[in-house]
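Chain by chain, the residues:
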Amino acid sequence: MEDLPILHVDMDAFYVEVERQSNPSLIGKPVVVGGDSQRGVVASASYEARAMGVKSAMSSVVARRLCSDAVFVKSDFPRYREVSRRVHQIFQAVTPEIEPIALDEAFLDVGGARKLFGSSEEIAWQLRSDIYEGVGLDCSVGVASSKLLAKLASVAAKPQITSRGIQPGVGVYVVDSENQKTFLEAHPVEALWGVGAVTLRKLRSLGISTVKDLAAVPEQVLVEALGASHGGHLWKLSRGVDVSRVNSERQRKSISHEETFPSDVYDRKALESEIVRLSDAVSSRARTQGTAGRTIHLKVRRPDMSFVTRSITVDEPVDTLPEIAEKATELLAQLDIGQGVRLLGVGLSRLDETGPRQLSLVQDDKRDQSWSRLSGAMDRIRERYGHSAIGPGLPINPSENNDS
Amino acid sequence: MKFRCERDALVEQLSTASRAVSSRGGALPVLTGIHLKAHKETLTMTGSDLEITVRASVAVDVKESGEAVLPSRIVVDIIRSLDSGAVEVEVSGEEAKISGGRSQFSVRTLPVDDFPALSDPSGDQVTVATADLAAGLKQVVRAASGDDARPILTGVLMSAEDGGLRLVATDSYRLAVRDLPEATVLSEGQKVLVPSRALDELSRVLGDSEEVNVRLGEREVSFDVSIEDGAVQVTTRLIEGEFPNYRQLIPSSYPNQLTIGREPLLEAVRRVKLMARDTTPLRITQKSDSVELMAVTQDVGQAHEEVDAQYSGDELTVAFNPDYLIQGLEAAPGDEVILETLDALKPAVLRSSEGGDFLYLLMPVRVS
């Protein structure tokens, strides 16, 4: 049997459908989830609204102009996160090899699950019905030999908007060696990972607009136009060669980020700034995966390459920057950094465990609430503009001022 | 400045004043020093971090009046390290010479003009019996929060209550209330929020003194204590802000009431706590004629103990942070205590079975 171990599962109009579950009057209507204020942005749109041209990340004002009948619903991320968590539990029953990409999509490597559950395609169908039974939502599943192809395949499995209205999708789409070349080459080049506005312009100037065009170009041409690594990478992708693996380690064990400094750091302040930056990365990823952790880790590698790790466990799972940074900074304070620091890492583990919780007499969690709201806002900005669009104010680039 | 005194008389007062010295100094490096003033027959030592100021004085033999600021840590270490006997300190220019026995030290001084002028509160002086105040502080101060991110909760509320003084502190997990009916410090309706750190310092110096003189100003309060061979004054800024409305937190009635020997329960909790590691709580199951204490920590082990008690109410298991329970039991007066509970998620009340002026409210730990 052909080896197609990768599944890409993408929930259909996830936020909209979650909202429809609690408010059935939204069913059948064009629905836009997101802010409806002047500066609001569309987080998700129902297929009815998409048929009118509404797209994710579009400004709400434009969306309203395109689709005046649309019902605007304010996004409720805590609920989406909760549903997402339940979907992930369904994944867990099939394989631990899960790489969550966002609340509504994930890659699964079912290579090891097929002995138990049948072929990849059978697993895909089973997952689809398990998810429908478990949370009452539809999803589309792409099955392929690589992550890139599986991702494109799940798009092909989605409901389609045609001139005759919304057509239900096939639900599961399989890309195998027979159809791979035709399937991939039919896509525009921007469907490939790593083709942003700049690359697209360069490719267009070479007369390349589809993957088919790209595959026809000798590798050397791409390398000259885009550089050895990027050009070579695209050339491989155009032939369906994608060796990236389903990175499930972070889901199973922990989430961590680390930084190796260009020169050893002796300044505690600089390290604390770096902790904030790393905690931001860790907390942001935790939230994207809809998880939170109870143990915060700090890892320090000294110039002689020796390692020190410290960890602290808190009562309640955390997923915001200040909660993680505060504990990591406390851990750093316990360490002697006299020898200097070559690498610093911050991690979060014991994910999704709710331990005993000391209850409070006084409800003054204002700080935490404002942080979870702020974190949600950061997540949405990053979803639209990329990770570097927003960050904590403290460390502009601490690793640049270590010379002192 | 030059003075001579007994090492033993000096060391304690010097340590007391030095505890208020800020460890970092921040914007004012001189605050890492201790201010010495020799005048008439008295040496006055002042340490301050601008929040809390502790002034301790001791009788010495002043050879030459004067003032100086000496680096606190090193001077305390020097005096402490000397053997009992006479110590002489002489400051000239930027150098302080400290000699005792056959040891001699010379220490660089800090600029005395930089030391901030610390004013006393302007209010009237009120006198309180030390014994009452000391007992009240011991019962309440520990319940205050140590988390500077929640400044209000780091304070102890002192409020006028029925002609007496009420002390209240909470870190939001437990709350301690003590009434001192005899102490008239505040005028009716008045309340102030005093940093618990300052009251902790005050507790340490109350010792054998008879009474405490309290002077309340707009923004600060000072406590003066006379002790053998000297005096100590603790002055602190008041915390601004509204203390949580603690009255509404105390339920008016409880369906479940446990009456139990204070000491036996305390000892049992201390034992069972050994198996309550990390963040695991101690579980108390209340039955008609006994309570069962239990702690289980995964991968470590468990502890179990039964203590005789009288109980009226439904069988109920409540989990607590053992340290908070221990502190409440230590603070409660009398041989027997009453623990009143509503359910596993609502605050419990601990008090002496003899009634009295102390109440401890304790929030359970929710176990999943």
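Look up: the structure comes first, before these words.
Structure report, in brief. (Residues numbered from 1 in each chain as written. Chains lettered and ligands numbered in written order. Predicted model: local features only at pLDDT ≥ 70, side-chain atom pairs only at ≥ 80, totals over all residues. Heavy atoms only, no water.)

### A short note on the side chain of A:R81
All names here are of chain A. Following the sequence through the fold, R81 ends up in helix α4 (residues 77-94). Residue classification places R81 among the buried residues on the basis of a relative accessible area of 16%. Residue contacts for R81: discarding those within four places in its chain leaves L103, R287, G290 and D379. (Helix = DSSP H or I, 4+ residues; strand = E, 2+ residues; numbered from the N terminus. Buried < 20%, exposed > 50% of the residue type's maximum accessible area, 1.4 Å probe, protein only. Contact = heavy atoms within 4.5 Å.)

### Considerations on the interface of chain A and chain B
The interface is formed by 14 residues belonging to chain A together with 24 residues belonging to chain B. Here chain A and chain B share an interface that buries about 1,500 Å² over both sides, 58% of which is from carbon and sulfur atoms. On the chain A side of the contact with chain B, A:Q358, A:L359 and A:L361 bury the most area, a combined 47% of that side's loss. Across the chain A-chain B interface, the total number found is 0 salt bridges. Summed over the shared surface of chain A and chain B, the number is 5 residue pairs in polar contact (both at pLDDT 80 or more). Where the side of chain A that touches chain B is concerned, the elements lending two or more residues are β13 (307-318) and β15 (357-358) of chain A. Among the residues forming the side of chain A that touches chain B, the class breakdown is 4 nonpolar, 4 polar and 6 charged. The pairing of β15(A) with strand β27 (residues 365-366) of chain B spans 2 bridges and is antiparallel. (Buried area = accessible area lost by both parts, 1.4 Å probe. Salt bridge = Lys/Arg side-chain N within 4 Å of Asp/Glu carboxyl O. Polar contact = N/O pair within 3.5 Å; in protein donor to acceptor, adjacent residues only side chain to side chain. Nonpolar A, V, L, I, M, F, W, Y, C, P; charged D, E, K, R; others polar. Pairing = 2+ DSSP bridges.)

### Looking at the packing of helix α5 (residues 262-272) of chain B against helix α6 (residues 322-331) of chain B
All names here are of chain B. Two elements in contact, α5 and α6, have axes separated by 10 Å at closest approach and are oriented at 155°. Taken together, the axes of α5 and α6 lie roughly antiparallel to each other. In this structure, α5 meets α6 at a crossing whose hand is left-handed. Only P322, L325, I326, L329 and E330 of α6 make contact with α5, whose side of the interface consists of R262, L265, L266, V269 and R270. In the contact of α5 with α6, the residues fall into 7 nonpolar, no polar and 3 charged. (Axes fitted to C-alpha atoms, helices over the stretch in contact; angles between N-to-C directions. Parallel < 35°, antiparallel > 145°, perpendicular 65-115°, else oblique. Left-handed = near helix turned anticlockwise from the far one by under 90°.)

### Quick word on the pattern of salt bridges
Residues and elements named next belong to chain A. According to the stated counting rule, one finds 37 salt bridges over all chains in the structure shown. Measuring nitrogen to oxygen at the nearest pair gives 2.8 Å for the salt bridge that ties K158 to D12. Residue K158 is located in the loop between α7 (147-156) and β8 (160-162), and its partner D12 is located in the loop between β1 (6-11) and α1 (14-22); the two are separated by 146 residues in the primary sequence. You'll find K158 and D12 in the same group, each marked buried. Between K147 and E99 there is a salt bridge whose closest N-O contact spans 2.6 Å. Placement of K147 in helix α7 and of E99 in strand β5 (residues 98-102) is noted, with a sequence separation of 48 residues between them. Taken together, the shared-partner salt bridges connect D10, D12 and K158 into one network.

### A few points about the sheet that holds strand β17 (residues 230-237) of chain B
Residue and element names in this part refer to chain B. Strand order in the open sheet formed by 8 strands is β6-β2-β3-β4-β17-β16-β15-β10, with antiparallel pairing between adjacent strands. In the strand order of this sheet, the two ends are held by β6 (66-71) and β10 (125-129), each with one partner. This sheet shows a mean twist of 20° between the axes of neighbouring strands, independent of strand direction. The pairing of strand β4 (residues 52-59) with β17 spans 7 bridges and is antiparallel. Bridged to V58 within β17 is G230. Taken strand by strand, helix α4 (residues 196-206) contacts β4, β15 (211-216), β16 (220-227) and β17, and its axis lies near 10° from that of β16.

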